[in-house]
Every structure is written in C-alpha cells, then in structure tokens.
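Listed below are the residues making up each chain.
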Amino acid sequence: KYPRMWRGLGEIMCRHDDLTTLMEDCETPVANHPAMHAVYDFCCEVNLPVLVHHNSERTDHEDDGKWTYKWEVEDVLELWPELRFIWAHCGVSRRVFERNHHEMCDTLLSRYPKLMM
C-alpha cells in the first residue's frame with residue numbers, strides 16, 4: 001500500500017540486560033531465532049536495514065575478552081550476507097562492557113561488509 005515508505009526496521013529487542021535475565025526460564029529472544037528468518041528474508045528482498053539490540057555478553061560476565069552471545073549475531077551475518085544489519089550500541093549496554101570491545105567490533109566490521117554499528 002505504501003511502496004518505498006519504509007527506510008528501516010527496528011529497533012528489535014533481543015538480548016538486553018534484565019530482559020534476558022527475566023526470561024531465563026522462557027524462550028529468550030535472540031537475533032538468530034528461527035522466527036526472525038522471515039524478517040531477515042524480507043529485509044534482504046526489499047533492501048531494508050534492520051536495527052537489532054543484542055548484548056554481546058552476559059551481564060554477570062568477567063572482563064575476559066570473550067563474548068557469550070556474539071555468535072548469535074555472527075550466525076545471522078553468515079546466513080544473510082546481503083542483510084544490512086545494524087547492531088545497536090555495538091552489543092554494549094549499561095551492564096555489558098569489555099576493555100577490548102573495540103577490537104571485536106573492528107574484526108566484525110572487517111569481516112561483514114553489510115554490518116553497521
């Protein structure tokens with residue numbers, strides 16, 4: 001009905017601080033959830049960027065240079081190489097931070113040309 005009206009989709013809230021903790025006994029919303037596949041297919045089909053909030057790490061993590069949830073985002077980027085994926089806040093939140101986070105971001109941005117942060 002409104003062709004070319006939309007410029008992007010999101011912000012889709014996936015892993016996010018207390019939201020993830022509150023849903024530990026439920027189905028956690030994650031970027032690579034099968035329910036998101038049709039969304040990503042559509043965004044690729046019409047060339048819409050998708051903005052996703054998805055923490056890169058647990059909120060109770062140690063500053064160890066490992067990102068518990070990063071693979072879930074990478075999974076999406078591998079399966080949809082043409083998807084214009086905007087990773088909100090670079091996977092950081094008020095309770096998620098790693099000292100070398102910028103290095104992880106640089107590596108991903110170099111590996112996935114359609115990724116934006």
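Relevant structure appears above.
Residues numbered from 1 in each chain as written. Predicted model: local features only at pLDDT ≥ 70, side-chain atom pairs only at ≥ 80, totals over all residues. Heavy atoms only, no water.

Engineer: I'm lost on the pairing of strand β2 (residues 50-53) in this one. Help?
Structural biologist: Where a strand is regular, its side chains alternate between the two sheet faces. Pairing of strand β1 (residues 9-13) with β2, which is carried by four bridges, proceeds in the parallel orientation. Opposite Leu9, over in β2, you have Val50 as the bridge partner. Here β2 pairs with strand β3 (residues 85-87) via three bridges, running parallel. From the neighbouring strand, Leu51 faces β3, where its bridge partner is Ile86. (Pairing = 2+ DSSP bridges. Helix = DSSP H or I, 4+ residues; strand = E, 2+ residues; numbered from the N terminus.)

Engineer: Whenever I open this one, the sheet that holds β2 confuses me. Can you help?
Structural biologist: Through backbone hydrogen bonds, the strands of a sheet pair up, either in parallel or in antiparallel fashion. Across the sheet, four strands lie side by side as β1-β2-β3-β4; this open sheet has parallel pairing. Edge positions in the sheet fall to β1 and β4 (115-116), since each of these pairs with one other strand and no more.

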